Amino acid sequence: MVKLQTQKARSYTCQLQQAIYRDAPVSYPPLPAAEQPLYAREYLERAHPALAAAEAPPPAPVTALVLPNDLGDEKNALRALIAADPVLQQLYRADAWQLEINGETLALESQILKTRHDCPTLLPGDEIRLHLRRELLAAACPEIIRNTLYLQVLRDTAVVYGDEARSKQEHLFTYQLFAHCLQASPLGEAWLMADLGGLLALHRPLFQRGVRNNLLVTTGYLRDYHYQKQKANAFYHIQAINLPFQNLEFNYLPGDAA
Amino acid sequence: MKPDELARTAYTVECFLNALRLDDGPQRTQLEAGLVQWLGEDKNRDGYLVFHQGNLCQHRGRVVMHRQALPQAKQPRTLWCDRKKLSIIDSQAYLSGGKLLMLGTAGLILTLPGSSQAMPQKKERSSNNNNNNNNNNNNNG
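Residues numbered from 1 in each chain as written. Chains lettered and ligands numbered in written order. Predicted model: local features only at pLDDT ≥ 70, side-chain atom pairs only at ≥ 80, totals over all residues. Heavy atoms only, no water.

**Structural notes on unusual backbone geometry**
All names here are of chain A.
Part 1 of the argument: The backbone of A140 shows a phi angle near 60 degrees, a positive value even though the residue is not glycine.
Part 2 of the argument: Mapped onto the fold, A140 is located in the loop between strand 4 (128–133) and strand 5 (148–161).
Part 3 of the argument: Given a relative accessible area of 34%, A140 falls into the partly exposed group.
Part 4 of the argument: The backbone of A165 shows a phi angle near 55 degrees, a positive value even though the residue is not glycine.
Part 5 of the argument: Looking at the element boundaries, A165 is found in the loop between strand 5 and strand 6 (166–178). (Helix = DSSP H or I, 4+ residues; strand = E, 2+ residues; numbered from the N terminus. Buried < 20%, exposed > 50% of the residue type's maximum accessible area, 1.4 Å probe, protein only.)

Okay, structure coming up:
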């Protein structure tokens, strides 16, 4: 009746009820501010279901990731994407790179796929040779003479850059050696070799005490292909957001050591 | 042991003890020297150290030759090193038969506790590795 007479949606008890509640906070403790919207929505659904049904759902929190529904499809898993792409198969091969340290060889695998991780301590006098399968240089490359061994060394000191403002390992240097400059490998005709001992020793001042370093290896054309694939396939991009190349993490005896 | 190999072992053990977050001091120096010497005397080259649940074990192969408590160490994970390598290992695999399943060094702080030297990245979320890149437009080439 009051609503009808006043032409307002509020009933005459609203202000009275509010006064009663305000005057008896022990009996009627106020809800925390954060819970009030939820209660109001529950009340609306209970008392005015027609209104509630027409109401838009609350917005997702700012921190919620928005991911496509098919991100989890089997065909979009990184290993499935690799299996479907002959060039990626070459890029991610676990049997195409060998690092020889003082006569001991270690197979290098993609850092985002491998399960075993080694972190040796290297010295300036170490004999360090990188062996790669010759056929890698033909992968995604029309003229092998244009291809290079592409080597990056990063340091586990954080830098923030890029549109994502991610905290990333710091790049120390990139080294490219053209295909025709690679040496014959003692592993056989199917392999080529590059000597890395002197290259790492040259950069010794950059290696800090108690900080890991990260050597990543690929070819120039496989690296280009990786970025082309990132542009072409978002499912690949999100899973290969860190460098996917074969790697070795290592400590290097710093120059200040006795 | 050749001087180069001694330097390699000493630095590896230093990083191992740093990862345990053992403070510098006479006690640590004595421990460090003893471990380097013990590994250096290892003619079969099968000696290694494992830190697990507050205890430091000195292994020859799978046999524990010496065990000591290191209550001052602040490292919840199980760590392994030999004369030239360092890694977190899978604690369950180690407990069940002494298997050494290398998990890498991601997330370990290898600098001396309290030092002002560059701190490595802390990485806890990723199953594998390093935030090390990777858009072609912002990775310095």
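**Description of the side chain of D156 of chain A**
Residue and element names in this part refer to chain A.
Part 1 of the argument: Along the chain, D156 falls in strand 5.
Part 2 of the argument: Among the residues examined, D156 registers a relative accessible area of 0% and is labelled buried.
Part 3 of the argument: Among the polar contacts made by the side chain of D156, one reaches the side chain of Q169 at a distance of 3.2 Å.
Part 4 of the argument: Polar side-chain contacts of D156 include one of 2.7 Å to the side chain of R212. (Polar contact = N/O pair within 3.5 Å; in protein donor to acceptor, adjacent residues only side chain to side chain.)

**What about the environment of L253 of chain A?**
Part 1 of the argument: Tracing the sequence through the fold places L253 of chain A in the segment after strand 10 (246–252).
Part 2 of the argument: Distance in space between the C-alpha atoms of L253 of chain A and Q208 of chain A is 8.3 Å, their sequence separation being 45 residues.
Part 3 of the argument: The contact partners of L253 of chain A, leaving out residues within four places of it in the chain, are L122, L123 and R204 of chain A together with A7 and Y11 of chain B. (Contact = heavy atoms within 4.5 Å.)

**Digging into the pairing of strand 2 (residues 104–107) of chain A**
Part 1 of the argument: Inspection of the sheet shows strand 1 (residues 97–101) of chain A paired to strand 2 of chain A by four bridges, in the antiparallel sense. Note on strand 2 of chain A: the bridge partner recorded for L99 of chain A is L106 of chain A. (Pairing = 2+ DSSP bridges.)

**What to know about the nonpolar core**
Part 1 of the argument: Among the nonpolar cores identified, the biggest contains 51 residues, and Y92, W97, L99, V153, L196, L200 and F250 of chain A are the most heavily contacted of them.
Part 2 of the argument: With four residues, strand 5 of chain A is the single largest residue contributor to this core.
Part 3 of the argument: Ignoring sequence-local partners within four residues, the contact set of L196 of chain A consists of L99, I128, R129, L130, L151 and L215 of chain A.
Part 4 of the argument: Residues A7, L17, C81 and L110 of chain B belong to the second largest nonpolar core, which totals 27 residues. (Core = buried A, V, L, I, M, F, W, Y, C linked by side-chain atoms within 4.5 Å.)

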